[in-house]
Amino acid sequence: MIPTACLALSTPDLAIASRDIPSIGSLDYRCTETLLSMGIVPSAVIDPVTPYSTLEGAAQAINLGTIIQPNLELLDQVSPELVLTSPEFTHMTPRLSGIAKVKSLAPYSSESGASSWQRMISFTRGVGEAIGSTDLAEDMIKETESHFQSLRSRIAGDQMPALLLVRLMDHKHARVFGSNSLFQGSLEQLGLSNAWQGPESHFGITMVSIDSLVDINARLVILESPYATSPSREQFAVSGMWQHLPIIKRGDVIFLPATFNHFGALPSALGFAESLVEALEAQAPPNAAG
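Residues numbered from 1 in each chain as written. Predicted model: local features only at pLDDT ≥ 70, side-chain atom pairs only at ≥ 80, totals over all residues. Heavy atoms only, no water.

Caption draft 1: Quick peek at unusual backbone geometry. Its identity as a non-glycine residue notwithstanding, Asp-47 has a phi of 40°, on the positive side. Note on placement: Asp-47 falls in the loop between strand 4 (44–45) and strand 5 (62–63). The phi dihedral of Ser-79 falls on the positive side, at around 55°, and the residue is not glycine. The topology assignment puts Ser-79 in the loop between helix 2 (72–78) and strand 6 (82–85). Using a relative accessible area of 45% as the deciding quantity, one classes Ser-79 as partly exposed. (Helix = DSSP H or I, 4+ residues; strand = E, 2+ residues; numbered from the N terminus. Buried < 20%, exposed > 50% of the residue type's maximum accessible area, 1.4 Å probe, protein only.)

Caption draft 2: Spotlight on the nonpolar core. Leu-84, Leu-190, Leu-256, Phe-272 and Leu-276 are the most contacted members of the largest nonpolar core, which totals 49 residues. For this core, the element with the highest residue contribution is helix 10 (residues 266–282), accounting for nine residues. Those residues in contact with Phe-272 that lie beyond four places of it in its chain are Leu-165, Phe-183, Ser-186, Leu-187, Leu-223, Leu-256 and Phe-260. (Core = buried A, V, L, I, M, F, W, Y, C linked by side-chain atoms within 4.5 Å. Contact = heavy atoms within 4.5 Å.)

Caption draft 3: Local environment of the pairing of strand 12 (residues 253–256). Taking every second residue as pointing to the same face, both faces of strand 12 are buried, with Val-253 and Phe-255 on one and Ile-254 and Leu-256 on the other. With four bridges joining them, strand 11 (residues 219–223) and strand 12 adopt parallel strand pairing. Across the sheet, the residue bridging to Leu-223 is Leu-256, located in strand 12. (Pairing = 2+ DSSP bridges.)

Caption draft 4: How the structure looks around the sheet that holds strand 10 (residues 205–209). Taken together, five strands build an open sheet; the order of strands is 10-9-8-11-12 and the sheet is mixed. The strands lining the two open edges of the sheet, one partner per strand, are strand 10 and strand 12. Geometrically, the sheet is characterised by an average inter-axis angle of 35° between neighbouring strands, direction not taken into account. The strands touched by helix 10 are strand 8 (163–168), strand 11 and strand 12; relative to strand 12, the strand with the most contacts, the crossing angle is about 140°. (Axes fitted to C-alpha atoms, helices over the stretch in contact; angles between N-to-C directions.)

Caption draft 5: Here's a closer look at the environment of Gly-271. Take Gly-271: it is sitting in helix 10. Take Gly-271: its relative accessible area is 13%, and that puts it in the buried class.

Caption draft 6: Local environment of the sheet that holds strand 7 (residues 101–104). Within the open sheet, the five strands sit side by side as 5-4-2-6-7. Their pairing is parallel. Among the strands making up the open sheet, the edge pair consists of strand 5 and strand 7. In the sheet, strand 2 (residues 24–26) pairs with strand 4 via two bridges, with the strands oriented parallel. Following the sheet pairing, Gly-25 is matched in strand 4 by Ala-44.

Caption draft 7: Here's a closer look at the packing of aromatic side chains. Evaluation of the coordinates by the stated rule reveals seven aromatic pairs. Relative to Phe-263, the ring of Phe-177 has its centre 6.0 Å away and its plane inclined at 45°; by these criteria the two rings are tilted. One end of the pair, Phe-177, is in strand 9 (residues 173–177); the other, Phe-263, is in the loop between strand 12 and helix 10, and 86 residues separate them in sequence. Of the two residues, Phe-177 and Phe-263, both sit in the buried class. (Phe/Tyr/Trp six-rings, centres within 6.5 Å; stacked < 30°, edge-to-face > 60°.)

This is the structure:
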């Protein structure tokens, strides 16, 4: 028997069980992790099993398969009242509209003007409006901002260099995250700066060769990929080209685990910030021993 709705009481002060929350089918990771942070487990989701800590509660929902090919027949059986999706699923809207009310949301946009942080806040409010619980969205935003303030206080006063955030793609190329990325908003909330000033997509990323990073004076933050077959540390051990980077030579590098979605929403932004602050606290300043 397929449940029509699953609700999680992730925090005791949210009396979600007594709220009139619609049953929800989520075809977007960002929507799912936002709902879970509000204390709501959707009835059905795509790819509920991931390494992301922000999606741990998703395993309680019906598994609709992958984002590439969601099982719409199963979604129809679940019969949610609302389907949350993203602009990437526009071609499915006619089919989805025959199942339930459809709302398309995304924290990323090609439109200029709004900052990365502002877009994530607006996205969170959009999810709250879609489910008819704007107060849950506001509570989540306030709690997230409070966590960021606490994290910022832990590194306040430290002389932090600009950070260069990358994800290794192969032995010669990396994906660099810029001002439109999820991480930009987190850095700003922590009082840190992003070293990448080059071009980027509306997702905040660009692919670069190792050569283009040689002259950047920054602390390197390497984001582990959830799809990698081996840790980035091991990739460095077999790649002579990366070893020639000045940043690597001086040991000014941090590795962060793949426990948050690199293209996520507020929960992933906070997950990144928590991992980063822990790493910064654990890492002695370069050349401190000298």
